[in-house]
Amino acid sequence: NGEFTGTYPPYGYDKNPDNKHQLVVNHKKAQIVRQIYDLYIDGTSIYKIARILKESKVYTPRTDLYRSQDVYESKHTKKYTYEWAPQTVMSILMNEVYIGTIVCNKHQTKTFKTRELKRNSESKWIRLKNKHEPIIELSIFNQVQEMILKNKELPRTPHINIFKGKIRCDKSAKTLALSIRNDRT
């Protein structure tokens, strides 16, 4: 039916108080979602977008859920309330919910005996369009998807990093990554 069946709504939306299966725009959070898309279109990297959101003291989606729904309580939620991860920014940029589409059947259980999920191929996904008010225009969403695809095609230098997962930032406790690109001078 294209109804929203998740426990918590995606960032930028709330559940309709009269119908828990319908998403309604949270205009304050939707403004942040639009800002993320605008910054990315302007050429800002996902890492810099995360830093901008942190410097603007925007609560992370997890912290926002903790503050509004009293769920996902942890020492990290309380200590790093503004620490946006680049993966969170990327998931917002790639989520079709922001154009009014509900995507179903992304995962299924391997067997009826376990809860272990496997990801279905994109050809098996069920897309139900215009199920709620979009936050992002389709043309902007498509432009961002093209930019993401183009950025994935950048050449990478093969390099073994012996410190992978071992060095952490003193302030955020996140693991640091090594990035080597030949196209930089």
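Overview of the structure. Because the structure is predicted, anything quoted here is derived from the model rather than measured.

## So, the overall build of the chain
Logical step 1: The secondary structure content of the chain amounts to six helices and six strands.
Logical step 2: Taking all 185 residues of the chain together, 31% fall into the buried category.
Logical step 3: Long-range pairs, those at least 24 residues apart, make up 56% of the contacts in the chain between residues at least 6 apart in sequence.
Logical step 4: In the form shown here, the chain has an accessible surface area of approximately 13200 Å², with 49% of it arising from carbon and sulfur atoms.

## Let's talk about helix 5 (residues 86-94)
Logical step 1: Every buried residue belonging to helix 5 is among Pro 86, Val 89, Ile 92 and Leu 93, and all of these are buried. Projected down its long axis, helix 5 shows its buried positions confined to an angular sector of 125°, all on one face.

## Observations regarding the side chain of Thr 60
Logical step 1: The topology assignment puts Thr 60 in the loop between helix 2 (46-55) and helix 3 (61-69).
Logical step 2: Excluding residues that lie within four positions of it along the chain, Thr 60 makes contacts with Tyr 80, Thr 81, Tyr 82, Glu 83 and Trp 84.

## Things to note about the packing of aromatic side chains
Logical step 1: Summed over the entire model, instances satisfying the criterion amount to four aromatic pairs.
Logical step 2: Between the aromatic rings of Tyr 13 and Tyr 98, the centroid separation amounts to 6.1 Å while the plane-to-plane angle is 20°, which identifies the pairing as stacked. Here Tyr 98 lies in the loop between helix 5 and strand 3 (102-104) and Tyr 13 lies in strand 1 (residues 13-16), a separation of 85 residues in the sequence.
Logical step 3: The class of Tyr 13 is buried, set by a relative accessible area of 1%.
Logical step 4: Given the relative accessible area of 2%, Tyr 98 is considered buried.
Logical step 5: Relative to Tyr 82, the ring of Tyr 59 has its centre 5.4 Å away and its plane inclined at 15°; by these criteria the two rings are stacked. Of the two residues, Tyr 59 is situated in the loop between helix 2 and helix 3 and Tyr 82 in the loop between helix 4 (75-79) and helix 5; the sequence distance between them amounts to 23 residues.
Logical step 6: We classify Tyr 59 as partly exposed; its relative accessible area is 26%.

## Here we look at the nonpolar core
Logical step 1: Core analysis: the largest hydrophobic core is formed by 30 residues, its most contacted members being Ile 36, Tyr 37, Trp 84, Val 89, Leu 93 and Tyr 98.
Logical step 2: The set of elements that each furnish at least two residues to this core consists of strand 2 (19-25), helix 1 (27-41), helix 2, helix 5 and helix 6 (138-152).
Logical step 3: Ignoring anything within four residues of it in the chain, the contact list for Val 89 reads Ile 36, Ile 46, Ile 49, Ala 50, Leu 53 and Trp 84.

## Points about the packing of helix 1 against helix 2
Logical step 1: Packing of helix 1 against helix 2 brings their axes to within 10 Å, and their N-to-C directions diverge by 140°. Judged on the interaxial angle alone, helix 2 and helix 1 are oblique. In the crossing of helix 1 with helix 2, the sense of the turn from one axis to the other is right-handed. Judged by residue contacts, Ile 32, Gln 35, Ile 36, Leu 39 and Tyr 40 of helix 1 engage Ile 46, Ile 49, Ile 52 and Leu 53 from helix 2.

## Structural notes on the layout of surface pockets
Logical step 1: The computed volume of the second largest pocket comes to approximately 1100 Å³.
Logical step 2: Contributing to the lining of the second largest pocket are 38 residues, with Pro 10, Ser 91, Asn 95, Val 97 and Lys 106 lying nearest its centre.

## Comments concerning the packing of helix 1 against helix 6
Logical step 1: Their axes nearest at 10 Å, the elements helix 1 and helix 6 cross at an angle of 50°. Looking at the two axes, helix 1 sits oblique to helix 6. Of the two possible hands of crossing, helix 1 and helix 6 adopt the one that is left-handed. On helix 6, the residues touching Tyr 37, Tyr 40 and Ile 41 of helix 1 are Ile 140, Phe 141, Gln 143, Val 144, Met 147, Ile 148 and Asn 151.

Reading the values: the criteria
- Residues numbered from 1 in each chain as written.
- Predicted model: local features only at pLDDT ≥ 70, side-chain atom pairs only at ≥ 80, totals over all residues.
- Heavy atoms only, no water.
- Helix = DSSP H or I, 4+ residues; strand = E, 2+ residues; numbered from the N terminus.
- Buried < 20%, exposed > 50% of the residue type's maximum accessible area, 1.4 Å probe, protein only.
- Contact = heavy atoms within 4.5 Å.
- Areas by Shrake-Rupley, 256 points an atom, 1.4 Å probe, with all protein chains shown as cover.
- Arc of directions from axis to C-beta.
- Phe/Tyr/Trp six-rings, centres within 6.5 Å; stacked < 30°, edge-to-face > 60°.
- Core = buried A, V, L, I, M, F, W, Y, C linked by side-chain atoms within 4.5 Å.
- Axes fitted to C-alpha atoms, helices over the stretch in contact; angles between N-to-C directions.
- Parallel < 35°, antiparallel > 145°, perpendicular 65-115°, else oblique.
- Left-handed = near helix turned anticlockwise from the far one by under 90°.
- 1 Å grid on protein atoms, 1.4 Å probe; cavity = no way out; pocket = protein on both sides within 12 Å on 5 of 7 lines; lining within 4 Å.
- Points joined across faces, edges and corners; volume = space filled by probe spheres on them.

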